[in-house]
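What the coordinates show
Listed below, chain by chain, are the residues.
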Amino acid sequence: MQFHKYDVVIVGAGGAGMRAAIESGQRARTAVLTKLYPTRSHTGAAQGGMCAALANVEEDNWEWHTFDTIKGGDYLVDQDAAEIMAKEAIDAVLDLEKMGLPFNRTPEGKIDQRRFGGHTRDHGKAAVRRACYAADRTGHMILQTLYQNCVKYGTEFFNEFYVLDLVTTPDEDGNPVASGVVAYELATGELHVFQAKSIVFATGGAGKIFKTTSNAHTLTGDGLGIIFRKGLPLEDMEFFQFHPTGLAGLGILISEAVRGEGGILRNASGERFMERYAPTIKDLAPRDIVARSMVQEVLQGRGCGPNKDYVVLDVTHIPEETLNAKLPDIMEFSRTYLGVDPVKEPVPVFPTCHYVMGGIPTNIHGEALRDNENVIPGLYAAGEVACVSVHGSNRLGTNSLLDINVFGRRAGIAAAEYALAHEHVELPADPTKLVEEQLAGLLSEHGDERVADIRKEMQQTMDSHASVYRTEDTLKQALTDVQALKERYQRITVSDKGKRYNTDLLEAVELGFLLELAEVLVVGALARKESRGGHAREDYPTRDDTNFMRHTMAYKQGAGLSSDIRLDYKPVTFTRYEPMERKY
Ligand SMILES: Cc1cc2nc3c(=O)[nH]c(=O)nc-3n(C[C@H](O)[C@H](O)[C@H](O)COP(=O)(O)OP(=O)(O)OC[C@H]3O[C@@H](n4cnc5c(N)ncnc54)[C@H](O)[C@@H]3O)c2cc1C
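Computed from a predicted model, the values in this text were never measured in an experiment. (Residues numbered from 1 in each chain as written. Predicted model: local features only at pLDDT ≥ 70, side-chain atom pairs only at ≥ 80, totals over all residues. Heavy atoms only, no water.)

The relative placement of two packed helices comes down to the angle between their axes together with the axis-to-axis distance. Following both chains from N to C, one finds helix α13 (residues 451-465) and helix α14 (residues 472-489) inclined at 170°, their axes separated by 9 Å at the closest point. Here α13 is positioned roughly antiparallel relative to α14, judged by the angle of their axes. Contacts from Asp453, Ile454, Glu457, Met458, Thr461, Met462 and His465 of α13 reach α14 at Thr474, Leu475, Gln477, Ala478, Asp481, Val482, Leu485, Arg488 and Tyr489. For the contact of α13 with α14, the per-class residue count stands at eight nonpolar, four polar and four charged. (Axes fitted to C-alpha atoms, helices over the stretch in contact; angles between N-to-C directions. Helix = DSSP H or I, 4+ residues; strand = E, 2+ residues; numbered from the N terminus. Parallel < 35°, antiparallel > 145°, perpendicular 65-115°, else oblique. Contact = heavy atoms within 4.5 Å. Nonpolar A, V, L, I, M, F, W, Y, C, P; charged D, E, K, R; others polar.)

Right, dumping it as structure tokens:
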């Protein structure tokens with residue numbers, strides 16, 4: 001076991017982790033631990049854009065952006081946080097520009113902006129151009145820019161280090177204080193303990209719970225799973241976003257920027273069906289609405305293809321030069337993976353799991369909460385793993401690249417300032433005990449279940465029973481299936497027993513996190529007997545503000561793979577926006 005001591009440890013080198021590192025690294029001794037090489041993080045796959053009311057191409061302001069975010073999130077958004085995000089968006093974009101990010105430009109040389117779902121002028125009057133972009137490689141540019149700046153500031157990276165546990169030390173009242181993390185080094189199989197005064201979790205999402213997903217193989221919710229196993233809460237985990245335009249049958253993402261640039265969704269008879277569901281902004285309605293509309297078209301027999309099980313995204317009316325200049329990767333994905341040339345024919349699409357709105361509850365400084373009010377001293381979270389909550393029950397496109405920059409920065413500053421004002425907390429006697437037991441358990445011979453089989457069955461049941469539409473019956477089926485899979489998980493065999501690059505072992509660990517998070521999702525969804533944002537219950541089709549205008553807080557009871565989950569609720573923070581009917 002190797003031991004390290006830092007002021008600040010950041011777990012994750014995606015956009016949120018590296019934005020935090022840039023701030024923290026200039027103030028305090030900081031290490032970044034990441035299971036992937038930094039520039040392989042999923043932020044690099046983001047395509048369409050990052051929004052800010054720069055008003056570079058038409059009238060706009062941060063108050064409209066705040067309103068859109070709150071309405072887009074179906075009023076489950078904490079309004080103080082949304083206001084901060086929309087206000088700080090402007091500097092967040094300019095900061096990236098100053099760091100060297102090559103945004104697309106207007107002919108006058110300003111940062112260009114494009115339309116995106118749910119972003120409107122003057123409280124819903126029409127779609128507005130708010131998304132800053134670098135072709136359809138915005139996330140790639142952000143990630144490279146942040147990485148280069150981390151290198152410039154001499155950030156210490158520990159690449160291919162899998163954090164498997166958070167170490168906490170009880171204070172005099174027995175409440176947890178963050179004191180370190182335990183990491184597994186992929187190259188050697190060695191365990192490392194990092195003691196730190198503050199720890200920032202920025203481990204990204206958990207889209208691999210589902211079979212059809214736009215998420216990378218590595219988005220297995222590790223940070224969420226680690227926190228949950230400590231008996232600490234996860235907020236609003238029933239809210240997953242299904243992005244309308246995944247390549248049909250594959251789930252690979254076709255950015256909303258395609259519709260932002262004028263792409264149109266059509267059903268089998270060529271009808272622009274979004275005109276019926278969202279008469280004002282049509283194809284640019286928020287994602288939850290578009291995804292449900294697409295599923296409705298298919299359910300009502302208006303789907304395309306031999307099985308009538310998808311709709312199409314039509315860009316054949318857009319000049320080829322525009323498509324090649326503004327959406328080059330998207331053109332390529334469609335040609336490569338479906339053999340469809342978007343210039344000549346519409347692209348088959350269907351909703352794909354894309355984003356988790358829920359996560360580790362934090363306040364606006366990125367401090368993680370242990371209940372509705374109290375923070376866990378020294379622990380911070382930012383990015384997709386966190387729930388501030390700026391996205392409520394449905395995130396607007398381009399608000400995540402924004403979130404990771406705004407709240408990554410805030411968490412980095414807060415973590416460094418905390419570290420400068422505090423001493424290291426003593427680590428408990430045996431910080432690696434839990435991880436050692438867990439790994440030894442997985443490596444011992446105790447059954448013939450295989451990781452790949454259990455993962456496949458989990459993803460299948462979640463796709464069938466807990467995706468765009470849900471009912472009591474489907475959710476109960478998902479719960480029964482996931483609990484049976486958890487039981488089988490205890491009998492898995494990891495065939496590679498080696499120390500070096502044992503990805504088999506780590507996939508088994510990751511599957512354990514996914515199973516627990518699938519269960520949290522389903523338990524929260526069963527209890528939420530209403531439809532709101534990304535959570536649509538066919539048996540409770542309307543929003544119920546009287547009973548459910550509140551955040552879900554899920555706590556794990558009991559140890560090991562216990563399925564005992566306690567749900568509590570947290571009030572939504574309102575500033576000035578009264579919940580309204582959500583029409584577009
Ligand atoms: C295909 C696609 C396109 C998207 N397009 C857009 C878009 O145009 N606009 C927009 O706003 N949003 C978009 N999003 C969403 C957005 O990209 C993500 O929500 C955001 O980038 C997440 O950033 P993050 O820093 O929180 O996590 P990530 O970028 O996923 O980084 C997570 C980091 O955590 C590390 N990590 C994870 N587990 C561990 C562990 N156990 N130990 C150590 N390290 C760990 C990983 O190595 C990685 O460095 C898109 C998402 C996808 C999937």
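Once you've had a look at it, read on.
With that settled, the discussion passes to the pattern of salt bridges. Considering all chains together, one arrives at 54 salt bridges under this definition. Salt-bridge contacts for Lys197 lead to Asp7; the nearest nitrogen and oxygen are separated by 3.5 Å. Within this pair, whereas Lys197 is found in strand β9 (residues 191-201), its partner Asp7 is found in strand β1 (residues 2-11), the two being separated by 190 residues in sequence. With a closest N to O distance of 3.9 Å, Arg259 and Glu256 form a salt bridge. This pair shows no difference in class: Arg259 is buried, exactly as Glu256 is. Three or more residues are tied together by salt bridges with common partners; here these are Asp74, Asp236, Glu238, Asp288, Arg292, Arg528, Glu530, Arg532, Arg543, Asp545 and Arg582. (Salt bridge = Lys/Arg side-chain N within 4 Å of Asp/Glu carboxyl O. Buried < 20%, exposed > 50% of the residue type's maximum accessible area, 1.4 Å probe, protein only.)

With that settled, consider the site of the ligand. Inspection of the region around the ligand gives 39 residues, with Ser41, His42, Thr43, Glu384 and Leu401 positioned closest. Between Ser41 and the ligand, the recorded distance is 2.7 Å, taken from a side-chain N or O atom to an oxygen atom. Across the complex, the protein chains shield 98% of the 1,000 Å² of accessible surface that the ligand would expose by itself. For the shell around the ligand, the leading source of residues is helix α11 (residues 399-421), giving four residues. Along the lines of polarity and charge, the residues of the shell around the ligand split into 16 nonpolar, 19 polar and four charged. (Near = heavy atom within 4 Å. Polar contact = N/O pair within 3.5 Å; in protein donor to acceptor, adjacent residues only side chain to side chain. Areas by Shrake-Rupley, 256 points an atom, 1.4 Å probe, with all protein chains shown as cover.)

Below, the discussion takes up the domain arrangement of the protein chain. For the protein chain, the domain assignment lists domain 1 (256-351) and domain 2 (433-543). Measuring from the centre of the C-alpha atoms in domain 1 to the corresponding centre in domain 2 gives 31 Å. Contacts between the two partners involve six residues from domain 1 and, on the opposite side, five residues from domain 2. If you sort the residues of domain 1 by the area they bury against domain 2, Asp288, Arg292 and Val295 come out on top, with a joint share of 72%. The interface formed by domain 1 and domain 2 contains zero salt bridges. It is helix α8 (residues 287-299) that contributes the most residues to the side of domain 1 that touches domain 2, five residues altogether. Residues belonging to the side of domain 1 that touches domain 2 are distributed by class as follows: three nonpolar, one polar and two charged. (Domains from an automatic or database assignment. Buried area = accessible area lost by both parts, 1.4 Å probe.)

Counting residues in hydrophobic clusters, the biggest one holds 82 residues, and the most contacted among them are Val9, Val181, Ile199, Phe201 and Met462. With 16 residues, helix α15 (residues 503-527) is the single largest residue contributor to this core. Sequence-distant contacts of Phe201, defined by excluding residues within four places in its chain, comprise Val11, Leu166, Val181, Gly223, Ile226, Ile227, Ile360, Leu379, Tyr380, Ala381, Ala382 and Val385. (Core = buried A, V, L, I, M, F, W, Y, C linked by side-chain atoms within 4.5 Å.)

Our focus in this paragraph is the UniProt feature "domain: FAD-dependent oxidoreductase 2 FAD-binding" (unreviewed entry) in the protein chain. Following the UniProt record, the feature "domain: FAD-dependent oxidoreductase 2 FAD-binding" (unreviewed entry) maps to residues 7-401 here. Helix makes up 27% of residues 7-401 and strand makes up 26%, while its end C-alpha atoms are separated by 27 Å. (UniProt positions renumbered as here; feature names shortened; annotations may be inferred.)

By the definition in use, this model includes 13 aromatic pairs. Residues Phe210 and Phe242 carry aromatic rings whose centres are separated by 5.2 Å and whose planes lie at 90° to one another, so their mutual orientation is edge-to-face. Of this pair, Phe210 sits in the loop between β9 and α5 (222-229) while Phe242 sits in strand β11 (residues 240-247), and the two are 32 residues apart along the sequence. A single burial state applies to Phe210 and to Phe242, both of which are buried. Taken together, Tyr6, Phe158, Phe161 and Phe194 form an aromatic cluster joined through their ring pairs. Lying over the aromatic face of Tyr355, Arg395 brings its terminal NZ or CZ to 4.1 Å of the ring centre. One cation-aromatic arrangement involves Arg550 over Tyr569; the distance from NZ or CZ to the ring centre is 3.5 Å. (Phe/Tyr/Trp six-rings, centres within 6.5 Å; stacked < 30°, edge-to-face > 60°. Lys NZ or Arg CZ within 6 Å of the ring centre and 35° of its normal.)

Let us now look at the pairing of strand β2 (residues 30-34). Judged by how many residues are buried, β2 sits mostly within the fold: five of five residues are covered. By the alternation rule, side chains of β2 split into Thr30, Val32 and Thr34 and Ala31 and Leu33, which are all buried. Direction of pairing for β1 relative to β2: parallel, over a ladder of four bridges. Counterpart to Val8 in the pairing with β2 is Thr30. You can see the chain leave β1, run along helix α1 (residues 15-25) and come back into β2, and the turn it takes is right-handed. With four bridges joining them, β2 and strand β6 (residues 156-159) adopt parallel strand pairing. Of the residues in β6, the one forming a bridge with Ala31 is Glu156. (Pairing = 2+ DSSP bridges. Right-handed = clockwise from strand over helix to strand, strands pointing away.)

Quick look at α15 now. For α15, spanning 25 residues, the distance from its first C-alpha to its last is 36 Å, which sits close to the expected 36 Å at 1.5 Å a residue. With 21 of its 25 residues buried, α15 lies for the most part within the structure. (Expected span 1.5 Å × (residues − 1).)

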